[in-house]
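Structure assessment
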Amino acid sequence: MHELSVVANLFEILEEKVREKKGTKIFSVKLQVGALAGVVPEMLMTAFDIYKKDTIASEAELEIKKIPLKVQCKDCHKVMVKDDFIFICDQCDSTNLKTLEGTEMILEKMDIEV
Ligand SMILES: [Zn+2]
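In short, a report on the structure. Within each chain, residue numbers correspond to sequence positions counted from 1 in written order. With pLDDT at 70 or above as the cut-off, local features in this predicted model cover only qualifying residues; side-chain atom pairs require 80 or more to be listed or tallied, and sums for whole chains, interfaces and linings still use all residues.

With that settled, consider the packing of helix α1 (residues 2-20) against helix α2 (residues 41-51). In contact at an axis separation of 9 Å, α1 and α2 are set at 60 degrees when each is read in the N-to-C sense. Regarding the angle of α1 to α2, the classification is oblique. Handedness of the crossing formed by α1 with α2: right-handed. From α1, Glu3, Leu4, Val6, Val7, Ala8 and Phe11 reach across to α2, where they touch Met43, Leu44, Ala47, Phe48 and Tyr51. Three residue categories are used. Nonpolar comprises Ala, Val, Leu, Ile, Met, Phe, Trp, Tyr, Cys and Pro, charged comprises Asp, Glu, Lys and Arg, and polar comprises the others, including Gly. The class makeup of the residues in the contact of α1 with α2 is 10 nonpolar, no polar and 1 charged. Interaxial angle, 0 to 180 degrees, is taken between N-to-C directions of lines fitted to C-alpha atoms, where a helix line uses only the stretch in contact. A run of H or I in DSSP counts as a helix once it spans at least four residues, and a run of E counts as a strand once it spans at least two, with each numbered from the N terminus. Relative orientations are named as follows: roughly parallel for angles under 35 degrees, roughly antiparallel for angles over 145 degrees, roughly perpendicular for angles from 65 to 115 degrees, and oblique for any other angle. A crossing counts as left-handed when the near helix is turned anticlockwise from the far one by less than a right angle, and as right-handed when that turn is clockwise. What counts as a contact is two residues whose backbone-derived C-beta atoms lie within 7 Å of each other.

The topology assignment puts Lys82 in the loop between β4 (79-81) and β5 (97-101). Distance in space between the C-alpha atoms of Lys82 and Val71 is 7.1 Å, their sequence separation being 11 residues. Beyond its immediate stretch of four places on either side in the chain, Lys82 contacts Leu69 and Val71.

A separate point is the sheet that holds strand β3 (residues 70-73). Any two strands with at least two DSSP bridges between them are considered paired. Read from one edge of the open sheet, 3 strands run β4-β3-β5, paired in antiparallel fashion. The sheet is open, and its two borders are formed by β4 and β5, each paired with just one other strand. For this sheet the average axis-to-axis angle between neighbouring strands, irrespective of direction, equals 35 degrees. Of the pairings in the sheet, the one linking β3 to β5 comprises 4 bridges and is antiparallel in character. Bridging across to β5, Cys73 finds its partner in Leu97.

Mapped onto the secondary structure, Leu4 falls in helix α1. Distance in space between the C-alpha atoms of Leu4 and Phe87 is 30 Å, their sequence separation being 83 residues. With residues near it in sequence (within four places) discarded, Leu4 still touches Ala47 and Tyr51.

To continue, consider the pairing of strand β1 (residues 25-34). Where β1 lies against strand β6 (residues 105-113), 8 bridges are found, and the strand directions are antiparallel. Across the sheet, residue Leu31 finds its bridge partner in β6, namely Leu107. Looking at chain direction, β1 and strand β2 (residues 61-67) are connected through 7 bridges and run parallel. In the sheet register, Leu31 faces β2, and the bridge partner there is Ile64.

Let us look at the nonpolar core. Note on terminology: a nonpolar core is any set of buried Ala, Val, Leu, Ile, Met, Phe, Trp, Tyr and Cys residues joined through C-beta atoms within 7 Å. Residues with at least 20 neighbouring C-beta atoms inside 10 Å of their own are called buried, those with 12 or fewer are called exposed, and the rest are partly exposed, where every C-beta is derived from the backbone. Counting 17 residues, the largest nonpolar core has Val7, Leu14, Ile26, Val29 and Leu44 as its most contacted members. Those elements that provide at least two residues to this core are α1, β1 and α2. Sequence-distant contacts of Ile26, that is, excluding residues within four places in its chain, are made with Leu14, Val18, Ile56, Ala57, Ala60, Met110 and Ile112.

Bear in mind that shape data such as this cannot, by itself, settle questions of function.
This is the structure:
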């Protein structure tokens, strides 16, 4: 499961942040997951729950906010949300599109006990 390695990376970041703040425990983690980020949110939840045991986040809740894929046409500059992942402009049929958001996974927020 690819999501397990994603979660492993996430935990490295979380543990580093907790160390920076001299925290002892993580209560909650909020992630933004783009539609094209390459992870399935539901599987990420499962992987998080498996991984968190015996870590500083053992009681943490993971919250995932899904970010739709947003693109802009480079020809007519229209901004649109693409649910179908078909990279053609709604307005002028151009395929010259630029991705604005929806390809990343971002750590939005975490609550820790210090
Ligand atoms: Zn266009």
